[in-house]
Amino acid sequence: LFLGDSITQGWESSGQDAWQKHFAPLHSANFGFGGDSTQHARGRSQNGELPKGPPKAIVLLIGTNNSRHGDFTPEQIAAGIRAILDALVEKCPRAKVLLLGILPRGATAEDPYRIKCEAVNALLPALADGQRVHYLNFNDKLLSADGTLSKEVAPDLLHLSAKGYGIWAEALEAKLTPLLKP
């Protein structure tokens, strides 16, 4: 189960080829909704807007919209992500969760929203226990050697291209495969 915002929802458009190759064979479900912030994803998790069958694994990518909309601090955004994880424990107690670092946004490391997202990412490893919740930050694979985010990977410097989804799929595969084993 993939849970997140428009970047997650993008597996249905720009990421469709990578999804078909890597995740469709696993009977994955995409619950990414454009515009979602942590409070929206928490509400969906708490109110039963998840599939009926319990997922083996949940990939969670959320928080970039909180960095841009509203006056949320990195600590508040991380607390919102923690609340989602708590809701997932209640609703899907056997599922392993792969929590992803918020993806880079903006062309350079000096972009204020990227700075805020990286501040949130610095707090996220503490939410992973290595048993039920695992953490993965693959931002280095999306960025050029000089730290820039190219329009080839993210045409609007936020949402991924087909190339960006291919990078994401490859990064997920090694970490997700062990989580799907009984």
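Look up a bit, the structure's there.
Numbers given to residues run from 1 along each chain, matching the order in which its sequence is written. Reporting in this predicted model follows two pLDDT cut-offs: at least 70 for local features of residues, and 80 or more for side-chain atom pairs to be given and counted; totals over whole chains, interfaces and linings ignore these cut-offs and use all residues. Hydrogens and waters are ignored; side-chain quantities use all the structure's heavy atoms.

> I keep staring at the pairing of strand 4 (residues 96-100) and nothing clicks. Help me out?
One face of the sheet, then the other: side chains in a regular strand alternate in exactly this way. Counting buried residues along strand 4, four of its five residues qualify, which places the element largely inside the surrounding structure. Only strands that DSSP links by at least two bridges are regarded as paired with each other. For the purposes of this entry, the term helix denotes a DSSP run of H or I that reaches at least four residues, the term strand denotes a run of E that reaches at least two, and both are numbered from the N terminus. Taken together, the four bridges between strand 3 (residues 57-61) and strand 4 define a ladder with parallel strand orientation. Each residue of the ladder has a partner; that of isoleucine 58, found in strand 4, is valine 97. Where strand 4 lies against strand 5 (residues 133-136), four bridges are found, and the strand directions are parallel. Bridged to leucine 98 within strand 5 is histidine 134. For the handedness criterion, the strands are oriented away from the viewer, and a crossover whose path from the first strand over the helix to the second runs clockwise is classed as right-handed. The β-α-β motif built from strand 4, the intervening helix 6 (residues 112-123) and the parallel element strand 5 has right-handed crossover chirality. Relative accessibility decides the category of a residue: with a 1.4 Å probe and only protein chains considered, values under 20% of the type maximum give buried, values over 50% give exposed, and everything between is partly exposed.

> Just to check I follow, could you spell out the pattern of salt bridges for this structure?
Every case where a carboxyl oxygen of Asp or Glu lies within 4 Å of a side-chain nitrogen of Lys or Arg is listed as a salt bridge. In total, this model carries three salt bridges according to the counting rule given. Among the salt bridges present, the one from aspartate 36 reaches arginine 44, with a minimum N-O distance of 2.8 Å. Side by side, aspartate 36 and arginine 44 carry an identical accessibility label, which is buried. Across the pair glutamate 152 and lysine 163 runs a salt bridge whose closest N-O atoms are separated by 3.2 Å. Taken together, the positions of glutamate 152 in the loop between helix 7 (139-142) and helix 8 (162-179) and lysine 163 in helix 8 put the pair 11 residues apart, joining distant regions of the chain. The class for glutamate 152 is exposed, based on a relative accessible area of 53%.

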